[in-house]
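Summary of structural features
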Amino acid sequence: MGSGYSPPVWAAIRRWFDPAELGSVGEPPDYRFSLANERTFLAWLRTGLALVGGGLAAAQFLPPLPMSHLREVIAVALLLLGGAVAVRAVDHWARTERAIRLGQELPASRFPAILALAVGAGAVLLVIAVLVRAVGGR
Amino acid sequence: MNTGRDAGLQPERTRLAWRRTLLTLTVVTALAVRLASAGGPTGALIAGVTVLVWGALLVLCWPRGTGTGPARTGGRTLPLVAVGTVALALLGVLLVLRGLC
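Residues numbered from 1 in each chain as written. Chains lettered and ligands numbered in written order. Predicted model: local features only at pLDDT ≥ 70, side-chain atom pairs only at ≥ 80, totals over all residues.

**Some points on the overall build of chain A**
- If you tally the helices and strands in chain A, you get five helices and zero strands.
- The order of helices and strands in chain A, counted from the N terminus, is α-α-α-α-α.
- Against the 2.2 N^0.38 benchmark of 14 Å for 138 residues, chain A shows a C-alpha radius of gyration of 20 Å, more extended than a compact globule.
- Counting only C-alpha atoms and orienting by the principal axes, one finds that chain A spans roughly 65 × 30 × 20 Å.
- By the burial criterion, 25% of the 138 residues in chain A qualify as buried.
- Partitioning the contacts of chain A with sequence separation of at least 6, the portion at a separation of at least 24 is 65%. (Helix = DSSP H or I, 4+ residues; strand = E, 2+ residues; numbered from the N terminus. Rg over C-alpha atoms; globule rule 2.2 N^0.38 Å. Buried ≥ 20, exposed ≤ 12 C-beta atoms within 10 Å, placed from the backbone. Contact = placed C-beta atoms within 7 Å.)

**Remarks on the overall build of chain B**
- When its secondary structure is counted, chain B shows three helices and zero strands.
- Along chain B, helices and strands appear, N-terminal first, in the series α-α-α.
- The C-alpha atoms of chain B give 17 Å as radius of gyration, which overshoots the globular expectation for 101 residues (13 Å, by more than 25%).
- Projected onto its principal axes, the C-alpha coordinates of chain B cover approximately 65 × 20 × 15 Å.
- Burial analysis of chain B (101 residues in total) assigns 36% to the buried set.
- Put simply, 68% of the contacts in chain B that link residues at least 6 apart link residues at least 24 apart.

**As for the interface of chain A and chain B**
- Facing the 38 residues of chain A at the interface are 37 residues of chain B.
- Considering every element that reaches the side of chain A that touches chain B, the biggest residue donor is helix 3 (residues 31-61) of chain A, with 20 residues.

**Description of the nonpolar core**
- Ranked by internal contacts, the top residues of the largest apolar core, which has 44 residues, are Leu-45, Ala-89 and Val-90 of chain A together with Ala-32 and Ala-82 of chain B.
- For this core, the secondary structure elements donating two or more residues are helix 3 and helix 4 (70-102) of chain A together with helix 1 (10-36), helix 2 (40-65) and helix 3 (77-100) of chain B.
- Top element by residues in this core is helix 4 of chain A. It accounts for 11 residues.
- Residues in contact with Ala-82 of chain B, not counting those within four places in the same chain, are Leu-45, Ala-86, Val-87, Ala-89 and Val-90 of chain A. (Core = buried A, V, L, I, M, F, W, Y, C linked by C-beta atoms within 7 Å.)

**Remarks on the confidence of the model for chain A**
- Residues with a pLDDT of 70 or more make up 94% of chain A, whose mean pLDDT is 88.
- Considering each helix and strand of chain A separately, the mean pLDDT is smallest for helix 2 (residues 19-24) of chain A, with a value of 79, and largest for helix 3 of chain A, with 95. (pLDDT = per-residue confidence, 0-100.)

**Thoughts on the packing of helix 3 of chain A against helix 4 of chain A**
Residues and elements named next belong to chain A.
- As a packed pair, helix 3 and helix 4 sit with axes 7 Å apart at the nearest point and diverge in direction by 175°. By the angle between their directions, the pair helix 3 and helix 4 is classed as roughly antiparallel.
- Split into classes, the residues belonging to the contact of helix 3 with helix 4 amount to 21 nonpolar, nine polar and three charged. (Axes fitted to C-alpha atoms, helices over the stretch in contact; angles between N-to-C directions. Parallel < 35°, antiparallel > 145°, perpendicular 65-115°, else oblique. Nonpolar A, V, L, I, M, F, W, Y, C, P; charged D, E, K, R; others polar.)

**Overview of the environment of Ile-13 of chain A**
- Along the chain, Ile-13 of chain A falls in helix 1 (residues 8-16).
- Remark: the alpha-carbon pair of Ile-13 of chain A and Val-87 of chain A, spanning 74 residues in sequence, is separated by 9.7 Å.

**Regarding the environment of Arg-95 of chain A**
All names here are of chain A.
- Of note, Arg-95 is situated in helix 4.
- Residue classification places Arg-95 among the partly exposed residues on the basis of 17 C-beta atoms within 10 Å.
- Considered as a pair, Arg-95 and Thr-47 are 48 residues apart in the sequence and their alpha carbons are 19 Å apart.

**Topic: the packing of helix 2 of chain B against helix 3 of chain B**
Residue and element names in this part refer to chain B.
- The contact between helix 2 and helix 3 brings their axes to 10 Å, and the two run at 165°. One way to sum up the angle between helix 2 and helix 3 is to call them roughly antiparallel. For the element pair helix 2 and helix 3, the recorded crossing hand is left-handed. Packed against helix 2, whose contacting residues are Thr-42, Gly-43, Ile-46, Val-49, Thr-50, Val-53, Leu-57, Leu-60, Cys-61 and Arg-64, the element helix 3 presents Thr-77, Leu-80, Val-81, Gly-84, Ala-87, Leu-88, Leu-91, Leu-94, Leu-95 and Arg-98 at the interface.
- Split into classes, the residues belonging to the contact of helix 2 with helix 3 amount to 13 nonpolar, five polar and two charged. (Left-handed = near helix turned anticlockwise from the far one by under 90°.)

Structure follows, in structure tokens:
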């Protein structure tokens, strides 16, 4: 929390890596809650890894696309999204663990909704691309 | 082992979640190495770093996926795995950008 003059980002990152700090707030929770929180983190991490894997697959398995560098743009977008999901996963895990120990409400998050919208928008774009190719191309 | 709280299958479920994660990590590493194999000497270097990251994460997380006792939770392992995932993503970006030039 109060960490002198370090900006909030660095304070958050320090908190992720300091289990003693996390263990000092509130009361030790029922460890089943901690295990569930950890599994949620792992599920998000796998989501991030799947996006990274999707980016790597797009880079090597997509055929050359009509727009130049479109394949690379798709790959880099997926890779960066995967990295962002991993960072957000660990941040949410630490904040949830704090809330559990302090008996507070769990942190609310818009991230799942934003990610769902992004994936949905990507799917719609791909459907349009496929239809355009089927009708106009060939 | 009656401590008043029944852990039930929670530690086992968590261990299996770790194993799934390590399996996913391995598949992603294989994809990265395959992509890097087309990239000449720089690709080989990136592939080597990728395999190193994979090995480090495997050694780090292996205890979390094995054993039968009460599971450990939390600690530095979690942020380190996240950092490893970000590293794999950035190595992937390097590979893609390297393919452009």
